[in-house]
Amino acid sequence: MNYGHFSPDGREYIIDNVATPRPWINYIYNNEYFSTISANGGGISYHRIPLHGRITRYRINDVPADRPGKYIYIQDQDSGEMWSLTWQPVGKHLEKYRVAHGFGYTRVESEIEGIQSELLFFVPRTDNREIWKSVLTNKSDKKRHLKITGYVEFALGHALVDLINQCDDQHFNRVYLDKELNSIFGTKTYWVTETKGTQQQENKEWDQWAFFTVNHPIKKYETVREEFIGFYRNETNPIALETGNLRCKDTDFGNTVGAIQIEIELEPGEARDVVFQLGVIPKVEFEGERKKAKEKRKNKIQRFQDIQEVKDAFAEVRKYWDEYFAHTRVQTPDQDVNIFMNGWSPYQAKVAFDIGRVTSFYYWGIGRGFGFRDTAQDTIAVTISYPEKAKQRILMLARQMRGDGKVYHHFHGDGQGEYTKHCDDPLWFILAVTDYIKETGDFGLLDNVQPFNDGSSGTILDHLMSVVTFVKGNLGAHGLPVFGRGDWNDTLDYIGGDDGGESVWGGMFYVSMLNLLIELLARIDKPDLKSAVDEVSGKMARSLDDNCWDGDWYIRAFGENQKCIGAKDNKYGKIFINTQTWAVLAGLDPKRQEQALESIRTHLDSEQGPKKCSPAYREIDPKIGLVTRCVWGKKENGAIFGHPTTWLIQAECMLGHGNEAFRYYKKMLPNRIDSDTFFAEPYVYSQYITCDEHETAGRASHSWQTGTAAWMYRVVFDYFFGARASYDGLIIDPTIPSDWKEFTMERVHRGTRYMIHVLNPDGKEKGVTRLIVEGVEIGKGVKDANYCIPLTDKEICQVEVQLG
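Residues numbered from 1 in each chain as written. Predicted model: local features only at pLDDT ≥ 70, side-chain atom pairs only at ≥ 80, totals over all residues. Heavy atoms only, no water.

A.B. asks: Any chance you could break down the pattern of salt bridges for me, citing the residues and the numbers?
C.D. replies: Enumeration over the complete set of coordinates arrives at 63 salt bridges. Salt-bridge contacts for Asp 424 lead to Arg 373; the nearest nitrogen and oxygen are separated by 2.7 Å. On the criterion of sequence distance, the pair formed by Asp 424 in the loop between strand S23 (417-418) and helix H10 (428-440) and Arg 373 in helix H8 (residues 372-378) is long-range, its members being 51 residues apart. The burial state of Asp 424 is the same as that of Arg 373; both residues are buried. Across the pair Glu 660 and Arg 663 runs a salt bridge whose closest N-O atoms are separated by 2.8 Å. Of this pair, Glu 660 and Arg 663 both sit in helix H17 (residues 658-668), separated by 3 residues, roughly a single helical turn. Looking at Arg 663, the relative accessible area reads 28%, which means it is partly exposed. In the salt-bridge network here, residues are joined through shared partners; they are Arg 57, Arg 59, Asp 62, Arg 67, Glu 153, Asp 162, Arg 225, Glu 226 and Glu 235. (Salt bridge = Lys/Arg side-chain N within 4 Å of Asp/Glu carboxyl O. Helix = DSSP H or I, 4+ residues; strand = E, 2+ residues; numbered from the N terminus. Buried < 20%, exposed > 50% of the residue type's maximum accessible area, 1.4 Å probe, protein only.)

A.B. asks: Break down the environment of Arg 393 for me, with residues and values.
C.D. replies: Within the secondary structure, Arg 393 sits in helix H9 (residues 387-398). For Arg 393 and Ala 432, which are 39 residues apart along the polypeptide, the C-alpha to C-alpha distance reads 9.1 Å. With near-sequence residues (within four places) excluded, Arg 393 lies in contact with Phe 353, Asp 354, Phe 370, Thr 375 and Thr 379. (Contact = heavy atoms within 4.5 Å.)

A.B. asks: Explain the side chain of Thr 187 residue by residue, including any values.
C.D. replies: In this fold, Thr 187 is placed in strand S15 (residues 183-188). Among the polar contacts made by the side chain of Thr 187, one reaches the side chain of Lys 283 at a distance of 2.8 Å. Contacts of Thr 187, omitting those with residues within four sequence positions, involve Leu 156, Phe 172, Asn 173, Arg 174, Trp 206, Gln 208, Trp 209 and Lys 283. (Polar contact = N/O pair within 3.5 Å; in protein donor to acceptor, adjacent residues only side chain to side chain.)

A.B. asks: Now, about the layout of surface pockets: what can you tell me, with residues and values included?
C.D. replies: Considering only enclosed or pocket space, the largest pocket measures out at about 750 Å³ in volume. In terms of lining, the largest pocket is formed by 29 residues, of which the most central are Lys 438, Leu 516, Gln 650, Tyr 719 and Arg 724. Elements represented by at least two residues in the lining of the largest pocket include exactly H10, helix H12 (504-523), helix H14 (578-585), helix H16 (642-654), helix H19 (708-720) and strand S34 (723-725). As a volume, the second largest pocket reaches approximately 540 Å³. Lining the second largest pocket are 20 residues, with Asn 31, Asp 354, Phe 370, Arg 393 and Met 396 positioned closest to its centre. For the lining of the second largest pocket, the secondary-structure elements that each account for two or more residues are helix H7 (335-355) and H9. Per-element accounting of the lining of the second largest pocket gives the leading share, 4 residues, to H9. (1 Å grid on protein atoms, 1.4 Å probe; cavity = no way out; pocket = protein on both sides within 12 Å on 5 of 7 lines; lining within 4 Å. Points joined across faces, edges and corners; volume = space filled by probe spheres on them.)

A.B. asks: How would you sum up empty space enclosed by the protein? Please name residues and give values.
C.D. replies: For the coordinates displayed, the defined rule picks out 3 cavities of 30 Å³ or more. What lines the largest cavity is Ile 640, Phe 641, Gly 642, Met 668, Pro 670, Phe 678, Tyr 685, Ser 686, Gln 687, Tyr 688, Ile 689 and Ala 700. Listed by contribution, the elements that provide at least two residues to the lining of the largest cavity are strand S31 (640-641) and strand S32 (686-689). Sorting elements by how many residues they give to the lining of the largest cavity places S32 first, with 4 residues. Residue classes in the lining of the largest cavity are distributed as 9 nonpolar, 3 polar and no charged. (Nonpolar A, V, L, I, M, F, W, Y, C, P; charged D, E, K, R; others polar.)

A.B. asks: With reference to specific residues and values, describe the packing of helix H6 (residues 307-325) against H7.
C.D. replies: Packed helices, taken two at a time, are described by the angle their axes make and the gap between the axes. Between H6 and H7, whose axes approach to 10 Å, the crossing angle comes to 105°. When the axis of H6 is compared with that of H7, the two are roughly perpendicular. The residues of H7 that touch H6, namely those facing Tyr 320, Trp 321, Tyr 324 and Phe 325, are Asn 342, Gly 343, Pro 346, Tyr 347 and Lys 350. Looking at the contact of H6 with H7, its residues break down into 6 nonpolar, 2 polar and 1 charged. (Axes fitted to C-alpha atoms, helices over the stretch in contact; angles between N-to-C directions. Parallel < 35°, antiparallel > 145°, perpendicular 65-115°, else oblique.)

A.B. asks: Can you break down the pairing of strand S12 (residues 129-138) residue by residue, with the values?
C.D. replies: Summarising burial for S12: 9 of the 10 residues are buried, a large majority. As paired strands, strand S11 (residues 115-122) and S12 are joined by 8 bridges and run antiparallel to one another. Across the sheet, the residue bridging to Glu 118 is Val 135, located in S12. Linkage of S11 to S12, two consecutive antiparallel strands, is achieved through a turn of 6 residues. Of the strand pairs in this sheet, S12 and strand S19 (residues 271-282) are connected by 9 bridges, and their pairing is antiparallel. When the bridges of S19 are listed, Val 135 appears paired with Asp 273. (Pairing = 2+ DSSP bridges.)

As structure tokens, this is what we get:
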């Protein structure tokens, strides 16, 4: 790679050249306080919800890029030289910086002008603040006199209002220095909690005070951006640092900042800790009798002034992620597999679960909120390690549903949402619930009563059955789902014109999800409900096989006047990936499943990976929708999407094709393509990679916030490594490359840690011939079975598996 590499243990991505093609970021957070941090210090900070609780500004698609951020300026008072502890914003000495992104932290190292620095960014697990801990060491042979200035630009509340109504909104900003607490405080006296631009005046103030502090006495400070930076400058060369004129004045309006300056002296060889902290305190803690309120603030602010307390807080962050990763582990012949599956894939999946599709270098965090389908899928990332979090998310999803099964397509954490006509959203609820129960055995979840958002209420089982009601009321001429404003592919949004055509993929998806529900209803002995769902699923499956096979692959949709989309006689979009893979997942005609996957290899696979559709659309078709308006080769118009490739890997595994599954897996690894081509972070998955129908083939975009991570983590563990939960135990059914002679894995399931050793002496791709559990062989003589290890109360269970 041109810019960096994984550490030997794979737990850090080391960036040696920080002039990366795009900002390469990390997430530091604790589920209430969230922050993004790039290798060069750029990023967003917010409390709870990025729309309503924005602490700092971040200007996406701005020039210069990746601004503003969390900056520490260093000035040598003797030489006049200035630099920053991250390469940006000052932008000098590129070759001197080295960055390590780790799990829940980012570390920046440099040695400039004889001053060695190590800067650590992280968020404590139990406190709503971010810590910028730096250690400065004088490596020169003379005494050094340094001015050190920490800088943030405040947003203070509602991010959308701050963006679109700055001229008025800035009149409500209040920022001041509390000398006794050695801290800058900032808030806004007017706060909007609506999700969209509105003239509604809610007559309330932001419920937080932001604070910015440091563990040395503040000598000077500034609260107004234009006074610190200068009107015709940027963060690279602030005029206040050039002139030394930080005014030390509070402000009651304007573009507010926190700029706090300290001075230190360093003898030769001496090291000093400098710790900046940015955080929030609820205004309720400022209320009450003045002296007591002051004492509350003092106790809060003075946390982490002691360096040992900072170290202990960082150790808790490391421990938290270690415990999360400890639930699954593999050791395979391929080091890339080990690095991603033991750390970076479950890490990205957990980040997506905790944050949603709301904030990154690509997303402002002001429009979407949580997506119902995204959130339901993200739960599978945490059911193994944190099932209680998955359960709470399922209950939250239930509250976004109506009694007729319709759901909010997007919603914010406070319950505000938007109904659309997407045909797939409600069905993802079935996946979330069944995956959770298989993992935990918590059938009691089905009796949990939650409100529908139309005023009624019901058990989780009632919510599941409301999805069936939605299915029955959303079928078209062929008995397949009416497309509406899209299915999983949002850009197929005008299939069939205003009335909507039918989604063939939606039919396969319905069958797959309904089959999961049928399995659950059988397990809890609900024969009448099972029979009713069976009828719906079976009828739809027959229609798919009777009407949707185009000779070598399944079509994608029926459009206006029953026109076939994704068919051989189409000029563009002749074949789509999802209707081939989900034919396998839905269990359609077994004779056609092999041919469907072969058609992907023949017509969709490329050097960059398997395309979403081909050939890409080059003419606008308003009766298909947005996909035809997008540039060819990118996004939904023919790009390589990571998300559907995970379903392709699952389908190949289900048919026993270990070599093919692994080939696709390796193609999708983000560190495979040279970074000057790939652009995005090489340690996490991106939403898509540009295909060979565009001149920028191989370029990735929309990193981090994609369902690819959760699905890749679970598909590879469940179907490739072959250790997946069922209602009755752990199924063992590996599908691996034929040249893997052995591998080991650990998998925690219902309190038992399974230590599994898989042997493949004959070079097979699939087919368990021996399964020995705690020295006892089970299932002897049953070839190619999905072996299920019965539940046990043992803490550790040794398992040996042989393929043959």
